[in-house]
Amino acid sequence: MRSRFDVRAEVQRRARLALDGVERLVGGLGTAMLALVVLVLLVVTAMAAALGVGLLVLPAVLRAVRAVADRERARLSRWGPEIIAPGPVPDRLRAALADRAVRRELGWLVGYAPLGLALGVLGLGLPINAVRDGTFVLWWRLVPAEFATSSLGWPPAHSWPGAVAVSLLGVLWAVVVVGLGPGMARLQAGPGRWLLAPDPDADLSLRITRLTTTRAAALDAHATELRRIERSLHDGAQNRLVTVAVLVGAARRAVERDPANAAALLGRAQDAAEQALAELRTVARSILPPVLADRGLAGALSGLAVNCTVPCRIELDVPGRCAASVEATAYFVVAEALTNIVKHSGAEHASVTVRRRVDRLLLSIADDGHGGADEHGGSGLAGIRRRTEAHDGILTVTSPPGGPTTLEVDLPCGS
Amino acid sequence: MRIVIAEDDALLREGLALLLRAESLDVVGTAGTPDELLAAIDAHRPDVAIVDVRMPPTHTDEGIVAAVEARRRHPDLAVLVLSAYVEKTFATDLLAGGAARLGYLLKERVGRVETFLDALHRVASGGTAIDPEVVAQLFALSRQDISLARLSPRERDVLALMAEGLGNAAIAERLFVTEGAIHKHIRSIFAKLDLAPDERTDRRVAAVLHYLENSHPA
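Description of the structure in this document.

Conventions used here
The written sequence of each chain sets the order in which its residues are numbered from 1. Chain letters start at A and ligand numbers start at 1, both assigned in the order the entries are written. In view of the model being predicted, local features appear only for residues whose pLDDT reaches at least 70, and side-chain atom pairs are presented and counted only at 80 or more, with totals across whole chains, interfaces and linings using the full set of residues. To get the side-chain values, all heavy atoms of the structure are used, and hydrogens and water are removed first. The helix and strand labels rest on DSSP assignments: H or I over at least four residues marks a helix, E over at least two residues marks a strand, and numbering proceeds from the N terminus. The rule is simple: take the accessible area with a 1.4 Å probe, protein chains only, and divide by the maximum for that residue type; under 20% is buried, over 50% is exposed, in between is partly exposed. For the accessible areas, the method is Shrake-Rupley and the probe is 1.4 Å, while residue cover comes only from the protein chains on display. Pairing between strands requires that DSSP locate at least two bridges from one strand to the other. Axis definition: a line fit to C-alpha positions, over the contact stretch in the case of helices; interaxial angles, taken between N-to-C directions, run 0 to 180 degrees. Every crossover in which the path from the first strand over the helix to the second runs clockwise, viewed with the strands pointing away from the viewer, is termed right-handed. For this document, the term salt bridge refers to a Lys or Arg side-chain nitrogen within 4 Å of an Asp or Glu carboxyl oxygen. Taken from the helix axis, the directions to the C-beta atoms give the arc we talk about. Cavity: a set of points on a 1 Å grid over the protein atoms alone where a 1.4 Å probe fits but cannot get out. Pocket: an open set with protein on both sides within 12 Å along at least five of seven lines, its lining residues, like those of a cavity, having an atom within 4 Å of a point. Grid points are joined across faces, edges and corners, and a volume is the space filled by probe spheres set on the points. The contact criterion used is simple: two residues touch if any of their non-hydrogen atoms lie within 4.5 Å. Put simply, buried area is how much 1.4 Å-probe accessible surface two parts lose in total, over both of them, once they are put together. For the purposes of these results, a polar contact is taken to be a pair of N or O atoms within 3.5 Å, where, inside protein, one atom must be able to donate a hydrogen and its partner to accept one; residues adjacent in sequence count only when each atom of the pair is a side-chain atom. Ten residues, namely Ala, Val, Leu, Ile, Met, Phe, Trp, Tyr, Cys and Pro, are considered nonpolar, four, namely Asp, Glu, Lys and Arg, are considered charged, and the remaining ones, Gly among them, are considered polar. Note that the term roughly parallel is reserved for angles under 35 degrees, roughly antiparallel for angles over 145, roughly perpendicular for angles of 65 to 115, and oblique for everything else. Each crossing gets its hand from how the near helix is turned against the far one by less than a right angle, where anticlockwise is left-handed and clockwise is right-handed.

1. Comments concerning the overall build of chain A
Inference 1: Counting its secondary structure elements, chain A contains 11 helices and 5 strands.
Inference 2: Split into buried and exposed, the 415 residues of chain A put 39% on the buried side.
Inference 3: Counting only carbon and sulfur atoms, one obtains 64% of the accessible surface of chain A, whose full area is about 22900 Å².

2. Some thoughts on the overall build of chain B
Inference 1: Looking only at helices and strands, chain B features 11 helices and 6 strands.
Inference 2: Summing over all exposed atoms, chain B offers an accessible surface of approximately 9700 Å²; the carbon and sulfur share of this is 53%.

3. Side note on the sheet that holds strand β6 (residues 128-130) of chain B
Residue and element names in this part refer to chain B.
Inference 1: Pairing within the open sheet is parallel, and its 6 strands lie in the order β2-β1-β3-β4-β5-β6. Because the sheet does not close on itself, it has two edges, and the strands there are β2 (26-31) and β6. Ignoring strand direction, the axes of neighbouring strands in this sheet form an average angle of 20°.
Inference 2: In this sheet, strand β5 (residues 102-106) lies alongside strand β4 (residues 78-83) in parallel orientation, the contact comprising 5 bridges. Along β5, the bridge assignment pairs Leu 82 with Leu 105.

4. Comments concerning the pairing of β4(B)
Residue and element names in this part refer to chain B.
Inference 1: Taking burial as the measure, the 6 residues of β4 include 6 buried ones, the bulk of the element.
Inference 2: In this structure, strand β3 (residues 48-52) lies alongside β4, joined through 5 bridges in parallel fashion. Bridge pairing links Val 51 to Val 81 in β4.
Inference 3: Remark: the β3/helix α3 (residues 62-73)/β4 crossover connection has right-handed handedness.

5. Looking at the pattern of salt bridges
Opposite charge on two side chains lets them pair, provided their charged atoms get close.
Inference 1: Taken as a whole and assessed by the stated rule, the structure comprises 25 salt bridges over all chains.
Inference 2: When the shortest N-O distance is used, the salt bridge between Arg66(A) and Glu105(A) registers 2.6 Å. With a gap of 39 residues between them, Arg66(A) in helix α2 (residues 58-79) and Glu105(A) in helix α4 (residues 100-134) connect regions that are remote in the sequence. Both residues of the pair, Arg66(A) and Glu105(A), count as buried.
Inference 3: Close ionic contact of Asp131(B) with Arg109(B) constitutes a salt bridge, the shortest N to O distance being 2.7 Å. Placement of the pair is Asp131(B) in the loop between β6 and α6 (132-142) and Arg109(B) in the loop between β5 and α5 (113-124), with a sequence separation of 22 residues.
Inference 4: Judged by relative accessible area, which is 28%, Arg109(B) ranks as partly exposed.
Inference 5: Shared partners join several salt bridges into a network, and the residues in it are Arg66(A), Asp70(A), Arg73(A) and Glu105(A).

6. Concerning helix α9 (residues 168-175) of chain B
Inference 1: Along α9(B), the residues classified as buried are Asn168(B), Ile171(B), Ala172(B) and Leu175(B). Buried positions in α9(B), seen along its axis, are confined to an arc of 100° and lie on one side of it.

7. Points about the layout of surface pockets
All names here are of chain A.
Inference 1: Here the largest pocket is characterised by a volume of approximately 1100 Å³.
Inference 2: Taken together, 32 residues form the lining of the largest pocket, with Arg 228, Arg 231, Ser 232, Arg 386 and Arg 387 sitting closest to its centre.
Inference 3: Of all the secondary-structure elements, those providing two or more residues to the lining of the largest pocket are α7 (200-257), α8 (259-287), α10 (324-345) and α11 (381-389).
Inference 4: Sorting elements by how many residues they give to the lining of the largest pocket places α7 first, with 8 residues.

8. With respect to the interface of chain B and chain A
How big an interface is tends to be stated in terms of accessible area lost as the parts join.
Inference 1: With 23 residues of chain B at the contact, the number on the chain A side is 20 residues.
Inference 2: When the two sides are added together, the surface that chain B and chain A hide from each other amounts to roughly 1800 Å², 53% of it contributed by carbon and sulfur.
Inference 3: Across the contact surface, chain B and chain A share 6 salt bridges.
Inference 4: Across the pair Arg54(B) and Asp235(A) runs a salt bridge whose closest N-O atoms are separated by 3.3 Å.
Inference 5: The interface formed by chain B and chain A contains 9 residue pairs in polar contact (both at pLDDT 80 or more).
Inference 6: At the level of secondary structure, the elements contributing two or more residues to the side of chain B that touches chain A comprise α1 (10-22) and α5 of chain B.
Inference 7: Residues of the side of chain B that touches chain A, tallied by class, amount to 11 nonpolar, 4 polar and 8 charged.

9. What to know about the packing of helix α2 (residues 34-44) of chain B against α3(B)
Residues and elements named next belong to chain B.
Inference 1: The geometry of α2 relative to α3 is characterised by a closest axis approach of 9 Å and an angle of 25° between their N-to-C directions. Taken together, α2 and α3 sit at an angle that is classed as roughly parallel. The crossing of α2 and α3 is right-handed. Between α2 and α3, the residues in contact are Pro 34, Leu 37, Leu 38, Ile 41 and Asp 42 and Glu 62, Ala 66, Glu 69, Ala 70 and Arg 73, respectively.

10. Concerning the side chain of Asn239(A)
Inference 1: With respect to the secondary-structure elements, Asn239(A) resides in helix α7.
Inference 2: Side-chain polar atoms of Asn239(A) contact the backbone oxygen of Asp235(A), separated by 3.3 Å.
Inference 3: With residues up to four places along the chain from it excluded, the contact list for Asn239(A) reads His234(A), Glu7(B), Asp9(B), Leu12(B) and Lys107(B).

11. Describing the side chain of Arg75(A)
Residues and elements named next belong to chain A.
Inference 1: Along the chain, Arg 75 turns up in helix α2.
Inference 2: Here Glu 72 takes part through its side chain, which lies 3.0 Å from a polar atom of the side chain of Arg 75.
Inference 3: Ignoring any residue separated from it by four or fewer positions in sequence, one finds Arg 75 in contact with Arg 24, Gly 27, Gly 28, Thr 31, Tyr 112 and Gln 188.

Here it is, written out as structure tokens:
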């Protein structure tokens, strides 16, 4: 029993790897074709430059090389360890040609244009041939005789044994794809991994720069968050407690003079104390909503959607996690926006989309209600704006009279 | 006594008004923003303005700025500042114009009605009322000051209470000594701070100001 499962798992694994490999090879075909175009452009420009014309165009061509190289970096970063892009190409030609990153890119271009193209064509062609030849035995009699060959054009198959031979060839193609596909993809990625990655030395300093900026951003996000908490404590809970002290003080003075009034004052003091507790609870929740800690952003937002009385669809595409304070802000914004929709919009449907684009978290909350949302109308919009801007985020409200209403929030992730 | 209250928190504002009215004080106006405060002072000409430090729009020092402006427009106006926490720079901003008719209290003192009313009356009648917590923090900073370092611990206590705005009798009561003893301490303080008798300046105010000024972080 066990070995059969092992075999099945192994076959599945191999198939997945092969598919992955084919996908990468075909993706590489795209950048390889771009590389070839730019290589031709470069050679033409360089020859023109040797004749004295075209020197002015050369920096632009180098920037085009950089653009293609960046595309390849992004592609490779999706499949493996991230390749960090170098700084911009120097403006002056001499400096650009002396730039190590530019030189390495030129080397990559020369190597990758033919190699990537050839491997990409194989990656695209082999699976097609495998399917064509593999199924040949099913349809060879339906096509004119001059087409009845294998995908190589040889041998001609005018009989059943020939057709079967061609189909076996298809199986061979499939075996080649499964066996060599992943290796070919690695080979195709080789020049990029080798030459497009920064120098080991440059790599470290780039990394430090990047870490420094992201760390500063994270610290900033935390500082604004602490300021917000400090403010809600001083202006909310503390004022409530001072009110309690004031009312209790007044009640103490009134006990003898006017006992009925003293009781009324104590009643108000108690109300204020309860409000202080409620505000403290709100502050505590706003620091880190417990559901966010327990279930992450996706779980927390789904919970909001489920509890929303207007049917709400959630789409979430957020790989990894953002800084806790950013997630808390996103959660707060969605919660507040959904409350608004239920209270004011008259909508029948709502939708929430959350996406992550590099270092930004993009939220979009839409409804099909009657629109006309007003930030100064005492709705939660002002709170959403305050909270968003405390994180250097951007809030855009689109709400024409008659609807629909869309809230777009763009938050830096701080990580 | 005619009073204007500036506090952006509506509940606390009402609570304060309630407390003061129950004490038969005349709350002639209330304000939730610095602009409303200045308008209320211009309209009602109160004796005292009770001002919260943090007010809209940024909730930092709008109250202090408004209080300084109000005192510029109406030099006779007494101002009692209420603060959520001790902020030395705010206190010194206000004191730059002299300590007379000025109070700076932590918000929670308001609940101790007797102390609060005492401070209010003192400020209204031309005196000073600085929160003991503020004085303590200023003192902690002033340890390095040479002339203040010459004071004995007892003299420092006396000076600190003077800075709070208490009179000799009240200081004597707090320190459980006779008024005569307080007189002796004060004379000694004046001598150590090189404050010679002078017709034009009040040595008592000068001593307190010296103390407060030297409490600035360098």
